[in-house]
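Structure at a glance
These are the residues of each chain, in order.
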Amino acid sequence: MAWTLRRPLHTLTTEDENQRAKDLWEGESLGGIAENNNPLPRPVIGLLLLTYFTAMAITFPLYGQRPTAAIYADYVALLNSEPVQEVINDTSLPYNERNDKAMAMIEDALAHFDSKYTFQREQHPISMDQLKIIAPQIVELQTAGVDLEEYIVVGPEVIKSNFFNIQPDGTVIAKQPWWDKGYTVACWWFIVFCLSVIIAVKRLPPFTWRPDHSIAH
Amino acid sequence: MAFREYKIGCWMFGIALSFSMTVTIFLPSIDISSMSSTKEALEKQLTYGWESGFNYYDPFLQGKDKPIKVILNKDPMTGEAIDETAAYVFPAGTHFPNGLTHDNILGDDVQKASVELGKIDQASEEAGAVFLVQTTEDDVPYIENATATRGWQVDAVLNAAEQKIYAGAGKTMFIREGCWWCHTLLPEQTQDWQTFGRPPLVGDFNGESPTTFGSDRKAPDLLHVGSRNSSREWMTMHFFNPRLVQPHSIMPRYDYLWGDKDANGNPIDLEAWDREYLEYAKGNRVYPPEVPEPAPDSEARKLIDFVLNLK
Amino acid sequence: MLKYLFAKEEDIPQGTAAVFFAVSSIAWFIIGTGLGSFNAAKLAFPDFFHGSYALQFGHMRQVHVHAVIFGWIAMAFAASMMYITPALGNTKLWSEKLGVWNCLLYNVGLCLALALLWSGVTSGREYSDHIWPIDLYIAFVMVLPWALNVWMTILNRRTQGIYTTNWFFGACMFMTVIVFLIGNLPEWFHLTGLNEAYMTWWFAHNILGLLITPVAAAITYYIVPKITGNPLYSHRVGHLHFWSIVVFYSTPAAHHLMSSPLPEWLKSFASVEGVLILVPAIAYVCNILLTMQGKWAMFVENIEIKFTITGVLLAIPLNMQGGFQQTRAINWYIHGTGWIVAHAHLALLGFSTFAEAAAVYYGLQVLLRRKLYSSSLANFHFWMLLIGFSLYWVSMTIAGLIQGAAKIYEVPYMDVVIGEHPYMVVRWLGGTMVFFGNIVWLYNMVMTARAGTPVPAGRQPAEVAYTR
């Protein structure tokens, strides 16, 4: 077996071996069934490549991400600021109006600052009631000095969500589902598969050769 | 591999399959096994015992070989009032969950605390034991063997119990009756928590078998159902005939789990009950017939305990 | 059957084991779909059979699943393997006697296994519901002798070559044994926690992906060239199909638990591999449909080709669903809903059932050397199956989309149950059609054995004209 670099897609077997394979192929009937030696049609090869790129693109976790506690940190800071607290404690207004007004103030204030969380905030809007419930937990975490991006907000709870991207020495590699060793393994898996199958089929007689089925059948 | 060269083909097949199993079984099992138990996992193990599916000690899934969860308001030794405490009673001969018998289930810190502070290595299945779930100052949950640390004996704890919860036997009923074909025990990580509560985290399952996540959800998730609805009356009616409380429910009736006698020792006549119910359903009666209260040792009671205990 | 149990090997006619497996499989298909129809009735009208406590839904559901998987699908596979494997090796089955015993003990074991599941004695793990003593019986009494017969027949072939179908038969039986023994590790060794949950789905994924899908495909690799008389379109595309099944189909087990707290890298890997199951699917469908070149009239005229090609065409939506529904982008919407139930029926009642029905139709005619009794009844069976399945699939897909929407818009669950009700009724109708179609099939096959036109030696059944 030798790879001819000038003709990389050509058969990998010697002429003698090819001749033996051809004789075998044409001279034997397997239960009355014969096999042709056609290649994959070109459009189907395109479809297979498209499948691979789609597989990588569609599985990548750009979708369905959960809200981290970090995106609400600014909400909490503003909630605990004096003007907002005044509105919330203003008993002259009904409860709902106070909430709405306070939330409007917070959102207005946030709109004036650039933040890397703007997109996620739009994805995961929060109500004043829920904010009030999670606020003390976020403050507590901030006091403890942890990275809020490792925590997610699940209903009324703020929960540590980073389990599998931490090295034994405590180094954090990633905080959300992102590129991980699963994708690395998947890339190698596909490459090794392609090489093996190409070598396997390249050892067959070239696909330009058509077996003559009239010999054994 | 040339045309019809099968030896190499077999080798390639073997190598591919071995690679596949290495990546999909061996590598994940290292990661999964390295996770420490959470407090939930400790509570679940102590509530459900060794195994809830078919096993040698309970081959017909009758709820045998199961611990009893009890709620204590007073110290069983001295009778002094204490804060409400959940204790897990393993009567003599009850098999311990894997976390108590294998060193690698609880996780390093939890295992260390459970042995050093909780003395779980002194518990024996032959003599029975009473366990508590505690937390160290560093927030590490651990199991305390109260029989060794406090001298709490099985009988004394059962006698002093404010409430006995047969959730362990109830999980066996949950599996045998196929509840998990429709009710999952897995709020999903992405969307479900708004309705069904916190999705389970990675350490929440250590030592539990089977986990009965369920896959085909035809009914609400039950992982936190006890927090959403803690009414024993509602559950009793719902299990007896779901249409009493949810007119459009498609759940089967579980009235046969009541057995022959109700809590007051009166015989239960299901056919008579059905006749009266039919009258009610036709509109000839204002109220449906009374749902009998399940006897303390009935399977219905155990199943209801299990469901209410899912907090 | 009984007279062959203690007969000498040379006194047992060739094909006996295949005939017994084929007839058993049709009987189990009737039982399994009958149970399915019954369960569906319960989901539409929960009090319909109230009072028969032995028929509780929670006890019956898994009996339906295992009756169709182990009874119908696996036994139809066994029947196909026991006549196709020797035919492709120009030889006879390694041991007809082993095959006959295998069939008897298979039926006995399955009755016992289903009776235990029915009474609630279960391991509590989906698809590996059987308790471990039954698992041992299945592995060593039901599957291993069957596998042995297939392997030994391939080894004792009288050709140098092994045709594509037989690669799949031999390899899939090997993978099935491995998956069965490893997938039940949680029961053998009492593994617990997430390991147990993951292994449950590793088993479920691989038993479906490494037994049912590829063997059904392998059957069509035989039926289509054999009946049309065309050579298989491409030997090398067969390679691509076979190797991508081994490499890609054996890996995505974790995609069944995308919403659980498994390691994220495992979900990522499983998800990419899950989309790549489209590689074998594309190679396979392309190979079979191109083999049909010039013979498309047979899709209408010939009942076996009609069944086979319908199955192959159903493999296209099956794999498109299977590839994409498990990605993070889509799974959150449809996970755990009726969509998945529809998908499972597309795989088992759609793709593989149609392929196997063709193999059983063809096999019984060849082995009994009798032309099919009635083409009208066979066509009736085909349309009952196809329309019944389509009603089922469409209604459950819609029900699944309702559930998915309700999940993200936080609709109270009761309203979902009310909204699904009409689709549950349609599902019941569809399932019942399949059930009645199968009864007609059994009648047709019994009449074929008794009153079918004899097929002359050396001729194909397809070459003999129908009389009815």
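Keep in mind that what you see is a predicted model, and the values were worked out from it rather than measured.

This brings us to the side chain of Ser80(C). All names here are of chain C. For Ser80, the position within the fold is in helix H3 (residues 57-88). Of the residues examined, Ser80 reaches a relative accessible area of 1% and is grouped as buried. With sequence-adjacent residues up to four places away left out, Ser80 is seen in contact with Thr85, Ile219 and Ala359.

Moving on, we get to the sheet that holds strand S4 (residues 141-145) of chain B. All names here are of chain B. An order of S4-S3-S2-S1-S5 is seen for the five strands of this open sheet, with the pairing classed as antiparallel. The open sheet is flanked by S4 and strand S5 (163-165), the only strands paired with a single partner. Here the average twist between neighbouring strands, direction ignored, is 30 degrees. With six bridges joining them, strand S1 (residues 68-74) and strand S2 (residues 81-90) adopt antiparallel strand pairing. Counted as the bridge partner of Ile68 is Val89 from S2.

Assigned domains within chain A: domain 1 (1-60 + 179-217) and domain 2 (69-160). Centre-to-centre separation of domain 1 of chain A and domain 2 of chain A, based on C-alpha positions: 59 Å.

As a further point, take the interface of chain A and chain C. Contacts between the two partners involve 48 residues from chain A and, on the opposite side, 48 residues from chain C. Around 4,200 Å² of area is buried between chain A and chain C when both sides are counted, 73% of it from carbon and sulfur atoms. When the area that chain A buries against chain C is broken down by residue, the three leading residues are Ile33(A), Trp189(A) and Phe193(A), summing to 15%. Linking chain A to chain C there are zero salt bridges. On the surface where chain A and chain C come into contact, there are 20 residue pairs in polar contact (both at pLDDT 80 or more).

Let's shift gears to the pairing of strand S1 (residues 151-154) of chain A. All names here are of chain A. The two faces of S1 match: Tyr151 and Val153 on one face and Ile152 and Val154 on the other face are all buried. Here S1 pairs with strand S2 (residues 157-160) via four bridges, running antiparallel. Counterpart to Tyr151 in the pairing with S2 is Lys160. Connecting the antiparallel pair S1 and S2 is a turn made up of two residues, with Gly155 showing a positive phi of about 55 degrees.

Moving on, we get to the interface of chain C and chain B. Every contact between the two is made by 76 residues of chain C and, on the other side, 77 residues of chain B. Buried surface at the junction of chain C and chain B, summed over both partners, amounts to about 6,600 Å²; 65% is from carbon and sulfur atoms. On the chain C side of the contact with chain B, His190(C), Pro261(C) and Tyr413(C) bury the most area, a combined 9% of that side's loss. At the junction of chain C and chain B, the tally comes to four salt bridges. The salt bridge partner of Lys407(C) is Glu188(B), with a shortest N-O separation of 2.9 Å. Connecting chain C to chain B are 31 residue pairs in polar contact (both at pLDDT 80 or more). It is helix H8 (residues 193-228) of chain C that provides the largest number of residues to the side of chain C that touches chain B, a total of nine residues. In terms of residue class, the side of chain C that touches chain B is made up of 41 nonpolar, 24 polar and 11 charged.

According to the stated counting rule, one finds 65 aromatic pairs over all chains in the structure shown. The interplanar angle of 85 degrees and the centroid separation of 6.0 Å between the aromatic rings of Phe21(C) and Tyr106(C) together place this pair among those described as edge-to-face. Remark: Tyr106(C) occurs in helix H4 (residues 96-118) and Phe21(C) occurs in helix H2 (residues 16-44); sequence separation between them is 85 residues. The exposure class of Tyr106(C) is buried, given its relative accessible area of 1%. Consider the rings of Trp151(C) and Phe174(C), whose centres lie 6.4 Å apart with planes at 55 degrees: the pair is tilted. In this pair, Trp151(C) sits in helix H5 (residues 132-155) while Phe174(C) sits in helix H6 (residues 164-183), placing the two residues 23 residues apart along the sequence. Judged by its relative accessible area of 35%, Phe174(C) is partly exposed. An aromatic cluster is built from Phe13(B), Trp151(C), Trp167(C), Phe168(C), Phe174(C), Tyr221(C), Phe242(C), Trp243(C), Tyr284(C) and Phe351(C), whose rings are joined through pairwise contacts. We note Lys306(C) situated over the ring of Phe382(C); from NZ or CZ to the ring centre the distance is 5.5 Å.

Calculation rules
- Residues numbered from 1 in each chain as written.
- Chains lettered and ligands numbered in written order.
- Predicted model: local features only at pLDDT ≥ 70, side-chain atom pairs only at ≥ 80, totals over all residues.
- Heavy atoms only, no water.
- Helix = DSSP H or I, 4+ residues; strand = E, 2+ residues; numbered from the N terminus.
- Buried < 20%, exposed > 50% of the residue type's maximum accessible area, 1.4 Å probe, protein only.
- Contact = heavy atoms within 4.5 Å.
- Pairing = 2+ DSSP bridges.
- Axes fitted to C-alpha atoms, helices over the stretch in contact; angles between N-to-C directions.
- Domains from an automatic or database assignment.
- Buried area = accessible area lost by both parts, 1.4 Å probe.
- Salt bridge = Lys/Arg side-chain N within 4 Å of Asp/Glu carboxyl O.
- Polar contact = N/O pair within 3.5 Å; in protein donor to acceptor, adjacent residues only side chain to side chain.
- Nonpolar A, V, L, I, M, F, W, Y, C, P; charged D, E, K, R; others polar.
- Phe/Tyr/Trp six-rings, centres within 6.5 Å; stacked < 30°, edge-to-face > 60°.
- Lys NZ or Arg CZ within 6 Å of the ring centre and 35° of its normal.

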